[in-house]
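Close look at the chain arrangement
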Amino acid sequence: MEDFQNKETLVTVRKSQEGARKFEDESFLSILSYRGKVVINAAEEILPWCDAVLKKHISAEWCFEAGNLI
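Quick look at the overall build of the chain
- If you tally the helices and strands in the chain, you get 3 helices and 3 strands.
- In sequence order, the chain lays out its α and β elements as β-β-β-α-α-α.
- The buried share of the chain, reckoned over its 70 residues, is 21%.
- Taking contacts inside the chain between residues at least 6 apart in sequence as the whole, the part at least 24 apart equals 55%.
- A total accessible area of about 5,800 Å² is found for the chain, and carbon and sulfur atoms account for 53% of it.

Points about the environment of A42
- As for its position among the elements, A42 is in strand 3 (residues 37-42).
- You can call A42 buried: its relative accessible area is 0%.
- Taking C-alpha positions, A42 is 7.4 Å from V11, a pair spaced 31 residues apart along the chain.
- In this structure, A42 is in contact with T12, V13, R14, F28, L29, L47 and C50, ignoring residues within four places of it in sequence.

A look at helix 1 (residues 47-57)
- Of all the residues in helix 1, the buried ones are L47, C50 and L54. Buried residues along helix 1 cover an arc of 65 degrees about the axis, so they all sit on one side. Facing away from the buried side of helix 1 by over 90 degrees, the exposed positions are P48, K56 and H57.
- Of the surrounding secondary structure, the elements contacted by the buried residues of helix 1 are strand 1 (10-13), strand 2 (29-34) and strand 3.

Cut-off values and rules
Residues numbered from 1 in each chain as written. Predicted model: local features only at pLDDT ≥ 70, side-chain atom pairs only at ≥ 80, totals over all residues. Heavy atoms only, no water. Helix = DSSP H or I, 4+ residues; strand = E, 2+ residues; numbered from the N terminus. Buried < 20%, exposed > 50% of the residue type's maximum accessible area, 1.4 Å probe, protein only. Contact = heavy atoms within 4.5 Å. Areas by Shrake-Rupley, 256 points an atom, 1.4 Å probe, with all protein chains shown as cover. Arc of directions from axis to C-beta.

Below is the structure:
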């Protein structure tokens, strides 16, 4: 829970969770913006890139700027 009590971008490894809803698509990256925080959930193959690039260059505000969504 303390991971969500700050505004720092959080990068996590994508993995199956027991009891979680299952989706047919096996996406390698998902980004969630929640209460001013960005949570990046990525496959292990791209985790180093997410840590090096995305974590340092995107914010929750950036996720909602129209020019970035196009």
